[in-house]
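These are the residues of each chain, in order.
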Amino acid sequence: MQIDKVHGSENHFFLLDQTQLQTKLTDQELINFATKITNPQTGLLQGADGVLVIDEPTHETALAQMRVINADGSEASMCGNGLRTVSRYLSKKFQVDQFKVQTLNADLKVSKAKDFAPNVPAFSVEISPVSFDAEKLPFHNANHQQLVDEPWPELLPELKFTALAVPNPHLISFVSAEELASDDLGTLGKRLNEPNPYFPDGVNVSFAEILGQNKLFVRTFERGVGFTNACGTGMSATSLAFALTHPDEGQFDQEITVYNPGGLVKTNVHKRNGIYDIDLIGNATVTHHLEISEADLHAAKLTDVQINKTDEETSYQKFVTQLPKINNISVKS
Ligand SMILES: N[C@H](CCC[C@H](N)C(=O)O)C(=O)O
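Note that the coordinates shown come from a computational prediction; the quantities given were computed from them, not determined experimentally.

Visitor: Run through the site of the ligand, naming residues and quoting values.
Guide: Close contacts around the ligand come from 15 residues, with Gly80, Glu222, Arg223, Gly232 and Thr233 the closest. Gly80 places a main-chain nitrogen or oxygen 2.8 Å from an oxygen atom of the ligand. Computed on the free molecule, the ligand has an accessible area of 360 Å², of which 99% lies beneath the protein chains in the complex. Listed by contribution, the elements that provide at least two residues to the shell around the ligand are strand 2 (11–17), helix 2 (80–94) and helix 5 (232–245). Residues of the shell around the ligand, tallied by class, amount to five nonpolar, eight polar and two charged. Structurally, the shell around the ligand is a two-domain feature, drawing no fewer than three residues from each of domain 1 (2–125 + 283–320) and domain 2 (150–281).

Structural data, given as structure tokens:
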């Protein structure tokens, strides 16, 4: 049984296609496997930010179903960087370049995009549905049912926040480069992902620096993971918040470049018949192929795993090194 180590903008995952198994893993086995293999101490290849699970779709409009298990074993409704790597895997498996992938809340359109650089394949994925309603995230704020560029003094008095679900929950603030690099993001991210009166299911927290016209730098503390090199849904949600709260600098239906500690992605935010959706375009890199027996998979036994490295990380790093150096936030390996 082969599983892959993959990344989107250095947001790392193990990819498991359960349709190849005689017997699927139970939910508990998936949690055991995910928490073990993603842990830098107990796992493989310095661990990862989560596990992407592919299953058969439950209806024929989608080619397959994707589930997202965070490093802490919690399940998320969506993963933008992960969906690009799943799309590449399915595109190769079924020899198609455009199709839909079923996720917890929606079937999402995905398509092969132009390579970002030699040997750096890229995919475009739909990020939706979008909601600003407090009960959709959920969040509790005494003064707001929706939060778009509003102060929230109990969190960080001098910042303004936007909260939206895409459909996983995101809390975003546009800040200076100094604020972005400060401890505030980690402190707030930890606080809102422990029991707290504001985000009962936790939340992905992003600080964004506006670099210019349709250009951002985004750093994210992810629910269920902690700091990652990039958060696809976070960068997508931030791009929409950018267009809504800074309309002179962030435009709808224009390509927005979003830099992050792991590289860059492109986004394109749309409002069609009052409905928001976001295109997220970025790399889908396979760094390793792993061979593990089905029995060891079920038992989360990682001692007899064959690992073969591909040549793609070298190509990706070549692509990243030619990018402008912005914010020397170190890349998490
Ligand atoms: N930690 C997220 C799931 C992974 C999202 C992120 N890795 C992405 O690329 O969108 C959550 O619990 O909502």
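Visitor: Can you explain empty space enclosed by the protein? Please cite residues and give values.
Guide: Evaluation of the coordinates by the stated rule reveals one cavity of 30 Å³ or more. By volume, the largest cavity is sized at about 120 Å³. Forming the boundary of the largest cavity are 16 residues, of which Asn70, Met78, Asn168, Asn204 and Glu222 lie nearest the centre. Only strand 2, strand 4 (64–70) and helix 5 provide two or more residues apiece to the lining of the largest cavity. For the lining of the largest cavity, the residue count by class is six nonpolar, seven polar and three charged. Here the lining of the largest cavity spans two domains, and each of domain 1 (2–125 + 283–320) and domain 2 (150–281) adds at least three residues to it.

Visitor: So what's going on with helix 5? Which residues, and what values?
Guide: Between its first and last C-alpha, helix 5 extends 20 Å over 14 residues, near the 20 Å set by a 1.5 Å rise per residue. With 13 of its 14 residues buried, helix 5 lies for the most part within the structure.

Visitor: I'd love a proper account of the UniProt feature "binding site: substrate" (unreviewed entry) in the protein, names of residues and values included.
Guide: The residues that UniProt annotates with the feature "binding site: substrate" (unreviewed entry) are Asn11, Asn70, Gly80, Asn81, Asn168, Asn204, Glu222, Arg223, Gly232 and Thr233. Of the residues named above, Asn11, Asn70, Gly80, Asn168, Asn204, Glu222, Arg223, Gly232 and Thr233 line the largest cavity. You can see Asn168 is positioned in the loop between strand 10 (160–165) and strand 11 (169–174). For Asn168, the contacting residues outside a window of four places in its chain are Ser77, Met78, Asn204, Arg223 and Thr233. The residue Arg223 is located in the loop between strand 13 (215–222) and strand 14 (226–228) in this model.

Visitor: Tell me what's going on with the pairing of strand 11, and back it up with residues and numbers.
Guide: Counting buried positions along strand 11 gives six out of six residues, so the element sits mostly inside the fold. Covered by surrounding structure in strand 11 are Pro169, Leu171 and Ser173 together with His170, Ile172 and Phe174, the residues of both alternating faces. Here four bridges tie strand 10 to strand 11, and the two strands are oriented antiparallel to one another. When the sheet's bridge partners are listed, Leu164 is paired in strand 11 with His170. Linking strand 10 back to strand 11 in an antiparallel pair, the connection comprises three residues. Sheet topology note: the strand 11/strand 12 (residues 204–212) ladder contains five bridges and is parallel. Residue Ile172 lies in a different strand from strand 12, and its bridge partner there is Ser206.

Visitor: Talk me through the domain arrangement of the protein; I want residue IDs and the actual numbers.
Guide: Domains assigned within the protein are domain 1 (2–125 + 283–320) and domain 2 (150–281). At the junction of the two partners, domain 1 supplies 26 residues and domain 2 supplies 24 residues. When the area that domain 1 buries against domain 2 is broken down by residue, the three leading residues are Ser9, Met78 and Phe116, summing to 25%. The tally of links from domain 1 across to domain 2 stands at zero salt bridges. Inspection of the region where domain 1 meets domain 2 yields eight residue pairs in polar contact (both at pLDDT 80 or more). Broken down by secondary-structure element, the contributors of at least two residues to the side of domain 1 that touches domain 2 are strand 2, helix 2, strand 7 (107–117), strand 8 (120–127) and helix 7 (312–321). The class makeup of the residues in the side of domain 1 that touches domain 2 is eleven nonpolar, eleven polar and four charged.

Visitor: Hey, could you go over the pattern of salt bridges for me, with residue numbers and the actual values?
Guide: Using the criterion set out here, one finds 13 salt bridges in the structure. Residues Arg88 and Glu312 are paired through a salt bridge, measuring 2.7 Å at the closest nitrogen-oxygen approach. Of the two residues, Arg88 is situated in helix 2 and Glu312 in helix 7; the sequence distance between them amounts to 224 residues. Across the pair Glu255 and Lys266 runs a salt bridge, and its minimum N-O distance is 3.7 Å. Remark: Lys266 occurs in strand 16 (residues 263–272) and Glu255 occurs in the loop between helix 5 and strand 15 (256–260); sequence separation between them is eleven residues. Relative accessible area serves as the criterion here: at 22%, Lys266 is assigned to the partly exposed category. Several salt bridges converge on common partners, so that one network encompasses Lys24, Asp55 and Glu56.

Visitor: Any chance you could break down the nonpolar core for me, citing the residues and the numbers?
Guide: Counting residues in hydrophobic clusters, the biggest one holds 45 residues, and the most contacted among them are Leu52, Met66, Leu83, Val130, Leu164 and Leu240. Here this core spans two domains, since at least three of its residues come from each of domain 1 (2–125 + 283–320) and domain 2 (150–281). With residues up to four places along the chain from it excluded, the contact list for Leu164 reads Val130, Ser131, Phe132, Leu137, Pro169, His170, Ile172, Ala237 and Leu240. Grouped together as the second largest cluster of nonpolar side chains are 34 residues, Phe139, Leu156, Phe161 and Ala163 included.

The rules behind each value
- Residues numbered from 1 in each chain as written.
- Predicted model: local features only at pLDDT ≥ 70, side-chain atom pairs only at ≥ 80, totals over all residues.
- Heavy atoms only, no water.
- Near = heavy atom within 4 Å.
- Polar contact = N/O pair within 3.5 Å; in protein donor to acceptor, adjacent residues only side chain to side chain.
- Areas by Shrake-Rupley, 256 points an atom, 1.4 Å probe, with all protein chains shown as cover.
- Helix = DSSP H or I, 4+ residues; strand = E, 2+ residues; numbered from the N terminus.
- Nonpolar A, V, L, I, M, F, W, Y, C, P; charged D, E, K, R; others polar.
- Domains from an automatic or database assignment.
- 1 Å grid on protein atoms, 1.4 Å probe; cavity = no way out; pocket = protein on both sides within 12 Å on 5 of 7 lines; lining within 4 Å.
- Points joined across faces, edges and corners; volume = space filled by probe spheres on them.
- Expected span 1.5 Å × (residues − 1).
- Buried < 20%, exposed > 50% of the residue type's maximum accessible area, 1.4 Å probe, protein only.
- UniProt positions renumbered as here; feature names shortened; annotations may be inferred.
- Contact = heavy atoms within 4.5 Å.
- Pairing = 2+ DSSP bridges.
- Buried area = accessible area lost by both parts, 1.4 Å probe.
- Salt bridge = Lys/Arg side-chain N within 4 Å of Asp/Glu carboxyl O.
- Core = buried A, V, L, I, M, F, W, Y, C linked by side-chain atoms within 4.5 Å.

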